[in-house]
Amino acid sequence: MDNEKLLQQIKATKIVPVVVLNSIEETLPKMKALVNGGLPCAEITFRTPCAAEAIALTVKTYPDMLVGAGTVINKEQCEKAIKAGSKFIVSPGFSEEVADCCKKHGMLYLPGIVTPTEAMAAIAKGLTTLKFFPASNYGGLKTIKAICAAFPYLQIMPTGGINAENILEYLAYDKIIACGGSWMMTGTPEEIEAKTKAAVALVK
């Protein structure tokens, strides 16, 4: 799938669940909960050692699921994530080496930014769809609107502090393609499924 189609898919989904997996055994019950909840999408973070294995297992089990790698901070992690079958790469900040690695592989890269300087560094690499993280700590929607006023061609995926209470406010702004969030990922697989269903109903 080309990156433009991938972005359209993320836009249609509206929510990108941020998933932290502490063991490989957690992977399929949580992914099944997301799929059954109507949200076949996940940003599996590289905060834990089993991330690459979890991505590979998810891609194999749910080939149609939109699976990306999050918290990717260097080239080594990026290569691992791509090899595991990630469809997109997300970073908490902007990394030139991750940007170069993604470009080499034709991979969609969503780097994190919070300032105009960081936005300019990403734009210099040809990147115009950016993550805004941590959103709530850096002024949220107000800051996003100020940055997009300076760079009107940007598209933003805010993450951090987004939940059922404020997501609609973010999604109402036309520069926001989707929101990353982890509020639906707590509890048992049954609870995750129920919260995912509620989240999907809310944004649709």
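Our structure is the block above this text.
Criteria and thresholds
Residues numbered from 1 in each chain as written. Predicted model: local features only at pLDDT ≥ 70, side-chain atom pairs only at ≥ 80, totals over all residues. Heavy atoms only, no water. Core = buried A, V, L, I, M, F, W, Y, C linked by side-chain atoms within 4.5 Å. Buried < 20%, exposed > 50% of the residue type's maximum accessible area, 1.4 Å probe, protein only. Contact = heavy atoms within 4.5 Å. Pairing = 2+ DSSP bridges. Helix = DSSP H or I, 4+ residues; strand = E, 2+ residues; numbered from the N terminus. Axes fitted to C-alpha atoms, helices over the stretch in contact; angles between N-to-C directions.

(A) How the structure looks around the nonpolar core. Membership of the largest hydrophobic core comes to 60 residues, with the highest contact counts inside it found for Ile44, Ile89 and Ile176. Not counting chain neighbours up to four residues away, the residues in contact with Ile89 comprise Ala69, Val72, Cys78, Ala81, Ile82, Val98, Cys102, Met107, Leu108, Tyr109 and Leu110. With 13 residues, the next largest nonpolar core counts Val16, Phe88, Val90 and Ala178 among its residues.

(B) View of the sheet that holds strand E9 (residues 179–181). Ordered in space as E5-E4-E3-E2-E1-E9, the six strands form an open sheet in which the pairing is parallel. Looking at the sheet topology across the chains shown, the edges are occupied by strand E5 (108–110) and E9. Strand-to-strand, the axes of this sheet are offset by a mean angle of 25°, without reference to chain direction. In the sheet, strand E2 (residues 41–45) pairs with strand E3 (residues 66–70) via five bridges, with the strands oriented parallel. When the sheet's bridge partners are listed, Thr45 is paired in E3 with Gly70. Here helix H1 (residues 3–13) sits on the sheet in contact with strand E1 (15–19), E2, E3, strand E4 (88–90) and E5, set at roughly 50° to E5.

(C) Layout of unusual backbone geometry. Omega for the peptide link from Phe133 to Pro134 comes to -10°, which places this bond in the cis form. Among the structural elements, Pro134 can be located in the loop between strand E7 (129–132) and helix H7 (140–150). Residue Lys14 is not a glycine yet carries a positive backbone phi of 70°. Considering the arrangement of structural elements, one finds Lys14 in the loop between H1 and E1.

(D) Expanded view of the sheet that holds strand E8 (residues 155–158). Strands sit in the order E6-E7-E8 across an open sheet of three strands; the sheet is parallel. Only two strands of the sheet have a single partner each, and these edge strands are strand E6 (112–113) and E8. Contacts from H7 reach E6, E7 and E8 within the one sheet, and its direction differs from that of E7 by about 150°.

By themselves, these are just geometric observations and shouldn't be taken as functional.
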